[in-house]
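# Tertiary structure, described
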Amino acid sequence: MTFLEKIKQPLFWTNFAKVAIPFFILVTLISLFMNSWRDIFAGNFTKVNEVNFANGKWKTFWGLKLVISTFYGIWVTNKKMK
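A brief structural summary.

### A few points about the overall build of the chain
When helices and strands are tallied, the chain shows four helices and zero strands. For the chain, the α and β elements follow one another from N to C terminus as α-α-α-α. For 82 residues, the compact-globule estimate of 2.2 N^0.38 gives 12 Å, and the C-alpha radius of gyration of the chain, at 16 Å, exceeds that figure by more than 25%. Its C-alpha atoms put the chain at 50 × 25 × 15 Å along the principal axes.

### A look at the packing of aromatic side chains
Tallied over the entire structure, the rule returns ten aromatic pairs. Ring geometry for F3 versus F12: centroids 6.2 Å apart, planes at 85°, classification edge-to-face. On the basis of an interplanar angle of 45° and a centroid distance of 6.2 Å, the ring pair of Y72 and W75 is categorised as tilted. Of the two residues, Y72 and W75 both sit in helix α4 (residues 57-80), three residues apart, roughly one turn of that helix. The class for Y72 is partly exposed, based on a relative accessible area of 33%.

### Description of the nonpolar core
Core analysis: the biggest nonpolar cluster contains five residues, these being L32, I40, V48, F53 and F61. Excluding anything up to four places from it in sequence, I40 contacts L32, F33, F45 and V48.

Reading the values: rules and limits
Residues numbered from 1 in each chain as written. Predicted model: local features only at pLDDT ≥ 70, side-chain atom pairs only at ≥ 80, totals over all residues. Heavy atoms only, no water. Helix = DSSP H or I, 4+ residues; strand = E, 2+ residues; numbered from the N terminus. Rg over C-alpha atoms; globule rule 2.2 N^0.38 Å. Phe/Tyr/Trp six-rings, centres within 6.5 Å; stacked < 30°, edge-to-face > 60°. Buried < 20%, exposed > 50% of the residue type's maximum accessible area, 1.4 Å probe, protein only. Core = buried A, V, L, I, M, F, W, Y, C linked by side-chain atoms within 4.5 Å. Contact = heavy atoms within 4.5 Å.

In structure tokens, the structure reads:
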């Protein structure tokens, strides 16, 4: 079955969500811990906000993870579906 045939099936998008959403959460948590693990464990969430989200940084932070998760979800779902 070709990729275009697969994406027309509702099952494809259900499986995509099952892959992409947990991957998105995992990538987000890993990124937050890598960027601000000391501030997170210290409870200094103002600093976490400054480092990751303030002054328009949230667009890059969430956008990159959303794009990566979308492509990963589509790739894995396409690969696993027969």
